[in-house]
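Okay, here's what each chain looks like letter by letter:
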Amino acid sequence: NAGVMQNPRHLVRRRGQEARLRCSPMKGHSHVYWYRQLPEEGLKFMVYLQKENIIDESGMPKERFSAEFPKEGPSILRIQQVVRGDSAAYFCASSPELYNSPLHFGNGTRLTVT
Amino acid sequence: ILNVEQSPQSLHVQEGDSTNFTCSFPSSNFYALHWYRWETAKSPEALFVMTLNGDEKKKGRISATLNTKEGYSYLYIKGSQPEDSATYLCAFSNQAGTALIFGKGTTLSVSS
């Protein structure tokens, strides 16, 4: 049973470009979470999605960031017009149901903005 | 804004020592408390999920307790081994339907 798959593992973008990060949850999991880890910081919650719905996006920056989890295919975290401050490790996690289920994490995507 | 605090930030022990860390969270509107272990170059891995005041969970040499009334959880490691070296994260949610909020973690280093 494959775990949570994130790609790419490393992504380099120039300032102003777009970054697309993909996350395929574990089989049977319908809940997806995105977290960001900035240098010297812990995991910061960004957004929580179920299939085709955004449940909680209270951690998402108001501009340039968006997320989706379509009926078919992986969840996508999209960052438009990247800036140097967006450089971080972005982790995706999934769970089969909300209540009392542990999260299963992917290996993360490390975004570097030059 | 929910705040989850972990202490100490880092810890260095000798092989065979027992140790414990603290996770503090808001005591009002508790829903669940999770512990995760995060080894370097890997992804966080779930250790425990606790929901009831007084919960105690154990997995091998690692155990955890929960006090929801005062808002803290302890993680204990008995007889630390070098392979226990990792960052231990706790995460809290205050109601169903919301995401987990993580602390910054306690980084444990065990030397042989």
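I will try to describe carefully the structure that is included in this document. Computed from a predicted model, the values in this text were never measured in an experiment.

The rules behind each value
- Residues numbered from 1 in each chain as written.
- Chains lettered and ligands numbered in written order.
- Predicted model: local features only at pLDDT ≥ 70, side-chain atom pairs only at ≥ 80, totals over all residues.
- Heavy atoms only, no water.
- Helix = DSSP H or I, 4+ residues; strand = E, 2+ residues; numbered from the N terminus.
- Rg over C-alpha atoms; globule rule 2.2 N^0.38 Å.
- Contact = heavy atoms within 4.5 Å.
- Disulfide = S-S within 2.5 Å.
- Buried < 20%, exposed > 50% of the residue type's maximum accessible area, 1.4 Å probe, protein only.
- Core = buried A, V, L, I, M, F, W, Y, C linked by side-chain atoms within 4.5 Å.
- Phe/Tyr/Trp six-rings, centres within 6.5 Å; stacked < 30°, edge-to-face > 60°.
- Salt bridge = Lys/Arg side-chain N within 4 Å of Asp/Glu carboxyl O.
- Pairing = 2+ DSSP bridges.
- Axes fitted to C-alpha atoms, helices over the stretch in contact; angles between N-to-C directions.

1. Digging into the overall build of chain B
Piece 1. If you tally the helices and strands in chain B, you get zero helices and eleven strands.
Piece 2. Along chain B, helices and strands appear, N-terminal first, in the series β-β-β-β-β-β-β-β-β-β-β.
Piece 3. Against the 2.2 N^0.38 benchmark of 13 Å for 112 residues, chain B shows a C-alpha radius of gyration of 14 Å, consistent with a compact globule.
Piece 4. A separation of at least 24 residues holds for 54% of the contacts in chain B among residues at least 6 apart in sequence.

2. A few points about the state of the cysteines
Residues and elements named next belong to chain B.
Piece 1. Summed over the entire model, instances satisfying the criterion amount to two disulfides over all chains.
Piece 2. Between the sulfur atoms of C23 and its disulfide partner C90 the distance amounts to 1.9 Å. Between C23 and C90 the sulfur-sulfur dihedral comes to about 75°; the bridge is accordingly right-handed. Of the two residues, C23 sits in strand β3 (residues 19-24) while C90 sits in strand β9 (residues 86-93), which places them 67 residues apart along the sequence. Comparing C23 with C90 shows no difference in burial state: the two are buried.

3. Observations regarding the nonpolar core
All names here are of chain A.
Piece 1. Within the largest apolar cluster, 23 residues are counted, with the highest numbers of intra-cluster contacts made by W34, M46, L77 and Y90.
Piece 2. Among the secondary structure elements, those contributing two or more residues to this core are β3 (19-24), β4 (31-37), β5 (43-50), β7 (65-68), β8 (75-79), β9 (88-95) and β11 (109-113).
Piece 3. Among all residues touching M46, those that are not within four sequence positions of it are W34, Y35, R36, D56, E57, S58, G59, M60, P61, F65, L77 and Y90.

4. Considering the packing of aromatic side chains
Piece 1. Considering all chains together, one arrives at 14 aromatic pairs over all chains under this definition.
Piece 2. Ring geometry for F105 of chain A against F102 of chain B: centres 5.9 Å apart, planes inclined by 75°, an arrangement best described as edge-to-face. Here F105 of chain A, found in strand β10 (residues 104-105), pairs with F102 of chain B, found in strand β10 (residues 101-102), and the two come from separate chains.
Piece 3. Seen in terms of ring centroids, Y72 of chain B and Y74 of chain B are 5.0 Å apart; in terms of plane orientation they differ by 40°. Their pairing is tilted.
Piece 4. Judged by relative accessible area, which is 26%, Y74 of chain B ranks as partly exposed.
Piece 5. Feature note: the residues Y35, F45 and F105 of chain A together with Y36 and F102 of chain B constitute an aromatic cluster, connected by ring pairs.

5. A word on the pattern of salt bridges
Piece 1. If you walk through the whole model with that rule in mind, you get eight salt bridges over all chains.
Piece 2. As a salt-bridge pair, E18 of chain A and R78 of chain A come within 2.8 Å of each other at their nearest N and O atoms. Placement of E18 of chain A in the loop between β2 (10-13) and β3 and of R78 of chain A in strand β8 is noted, with a sequence separation of 60 residues between them.
Piece 3. For E18 of chain A, a relative accessible area of 29% puts it in the partly exposed group.
Piece 4. Given the relative accessible area of 26%, R78 of chain A is considered partly exposed.
Piece 5. Put simply, D84 of chain B and R61 of chain B hold a salt bridge, and the shortest N to O gap is 2.8 Å. Taken together, the residues span a long stretch of sequence, with D84 of chain B in the loop between β8 (72-77) and β9 and R61 of chain B in the loop between β6 (56-59) and β7 (62-67) at a distance of 23 residues.
Piece 6. Using a relative accessible area of 33% as the deciding quantity, one classes R61 of chain B as partly exposed.
Piece 7. The structure contains a network of salt bridges with shared partners spanning E18, R20 and R78 of chain A.

6. Observations concerning the sheet that holds β8 of chain B
The strands making up a sheet associate through hydrogen bonds between their backbones, and the pairing can be parallel or antiparallel.
Residues and elements named next belong to chain B.
Piece 1. Strand order in this open sheet of five strands is β1-β3-β8-β7-β6, and the pairing throughout is antiparallel. Each of the sheet's edge strands pairs with one partner strand only, and the pair in question is β1 (5-7) and β6. The sheet shows a mean angle of 15° between the axes of neighbouring strands, taken without regard to direction.
Piece 2. Summarising the sheet, β1 and β3 pair through three bridges and their orientation is antiparallel. Bridge pairing in β3 places E5 opposite S24.

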